[in-house]
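So you can see what is in the structure, the chains are spelled out below.
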Amino acid sequence: MGVRQPRRTMRILVAEDEAVIRLDLVEILRDLGHEVVAEVADGRSAVEGAREHRPDVAVMDVKMPRLDGITAAEEMARDQLCPVVLLTAFTDPELVDRAAEAGVLAYVTKPFGPADLAPALAVARARYEQMRALAEEVEDLTERMEARKEIDRAKGLLQSRLGLDEAEAFRWLQKTAMDRRTSMRELAVAVVEQMGPTGG
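Residues numbered from 1 in each chain as written. Predicted model: local features only at pLDDT ≥ 70, side-chain atom pairs only at ≥ 80, totals over all residues. Heavy atoms only, no water.

Visitor: Could you give me a rundown of the nonpolar core, with the residues and numbers involved?
Guide: Most often, soluble globular proteins keep nonpolar side chains buried together rather than apart. Formed by 24 residues in total, the largest nonpolar core has its most connected members in M60, M76, V84 and L86. Of all elements in the fold, only β1 (11-15), β2 (35-40), α2 (43-53), β3 (57-61), α3 (69-78), β4 (84-88) and α4 (93-101) reach the threshold of two or more residues within this core. Among the elements that take part in this core, α3 stands out by supplying 4 residues, more than any other. Ignoring any residue separated from it by four or fewer positions in sequence, one finds M60 in contact with A15, A46, G69, A72, A73, M76, V84, V85, L86 and L87. (Core = buried A, V, L, I, M, F, W, Y, C linked by side-chain atoms within 4.5 Å. Buried < 20%, exposed > 50% of the residue type's maximum accessible area, 1.4 Å probe, protein only. Helix = DSSP H or I, 4+ residues; strand = E, 2+ residues; numbered from the N terminus. Contact = heavy atoms within 4.5 Å.)

Here it is in structure tokens:
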């Protein structure tokens, strides 16, 4: 009775400086049905590998040469390269706090087996996707707010300069944007530039 196959195959980067553990890890991940896209032995190579391969998840040891796992995870999180599952033999609360602050999304203590890794990978990937979706939503919301401000400014100018009421000004912007095959926001910016305080 093996571990149940994951619903989704992931592309995984493995970073572990101890060769025997690295081989075990790669074997477990492949047995779970995942694809190992890179195997590295230090934190700096892990970050470079994540940039190059864009894995779905990086599984990394904490103690590694050149760059430790937590610092590498911090770089990966900052540059939105991939989620990180951290492997460690230590259960020091301070280390766990540092890892969480660095953006590590799941944690597995050594010795580990398929039953430890499978859920950690799934959790890290799901959390990462939720965070990305939230970030995009906030960005869209900011853009929508900015667009609305520009459109309101343009409507105000059309009302005062051309004597249109608010609904007419909005319809004019809508129709003109469609005719010119441009967005209402871009048209609104152009209207403000041409008809603004210094415009004619």
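Visitor: Got a sec to walk through the UniProt feature "domain: Response regulatory" (unreviewed entry) in the chain? Specific residues and values, please.
Guide: In the numbering used here, UniProt assigns the "domain: Response regulatory" (unreviewed entry) feature to residues 11-125. Spanning residues 11-125, this segment combines 48% helix with 22% strand, and its end C-alpha atoms are found 11 Å apart. (UniProt positions renumbered as here; feature names shortened; annotations may be inferred.)

Visitor: Let's hear about the domain arrangement of the chain: which residues, and what values?
Guide: Examined at the domain level, the chain breaks down into domain 1 (11-112) and domain 2 (137-195). The centre of domain 1, based on its C-alpha atoms, is set 48 Å off from the matching centre of domain 2. (Domains from an automatic or database assignment.)

Visitor: How would you sum up the pairing of β2? Please name residues and give values.
Guide: Relative to β2, β1 is paired through 5 bridges, and the arrangement is parallel. If you follow L13 over to β2, its bridge partner there is A38. Since β1 and β2 lie parallel, the crossover through helix α1 (residues 19-31) that links them has a hand, and here it is right-handed. (Pairing = 2+ DSSP bridges. Right-handed = clockwise from strand over helix to strand, strands pointing away.)

Visitor: So what about helix α5 (residues 114-162)? Which residues, and what values?
Guide: With 49 residues, α5 should cover 72 Å at 1.5 Å per step; its first-to-last C-alpha distance of 71 Å lies within 8% of that length. Note on α5: the residue one or two positions beyond its end, G163, has a positive phi of about 70 degrees. (Expected span 1.5 Å × (residues − 1).)

Visitor: Describe the packing of α5 against helix α6 (residues 166-179), naming the residues involved and giving the relevant values.
Guide: Helix-helix packing is described using two parameters, namely the angle between the two axes and the distance between the axes. The geometry of α5 relative to α6 is characterised by a closest axis approach of 9 Å and an angle of 115 degrees between their N-to-C directions. For the element pair α5 and α6, the recorded crossing hand is right-handed. On α6, the residues touching I151, A154, K155, L158 and Q159 of α5 are E166, A169, F170, W172 and L173. (Axes fitted to C-alpha atoms, helices over the stretch in contact; angles between N-to-C directions. Left-handed = near helix turned anticlockwise from the far one by under 90°.)

Visitor: Let's hear about the side chain of S45: which residues, and what values?
Guide: Along the polypeptide, S45 turns up in helix α2. Here the side chain of S45 touches R66 through a polar contact of 3.3 Å, side chain to side chain. What S45 contacts, discounting residues up to four positions off in sequence, is V40 and R66. (Polar contact = N/O pair within 3.5 Å; in protein donor to acceptor, adjacent residues only side chain to side chain.)

Visitor: Which residues make up the UniProt feature "coiled-coil region" (unreviewed entry) in the chain, and what are the values?
Guide: With numbering aligned to this structure, UniProt lists the feature "coiled-coil region" (unreviewed entry) at residues 121-151. Here residues 121-151 is 100% helix and 0% strand, with 45 Å between the C-alpha atoms at its ends.

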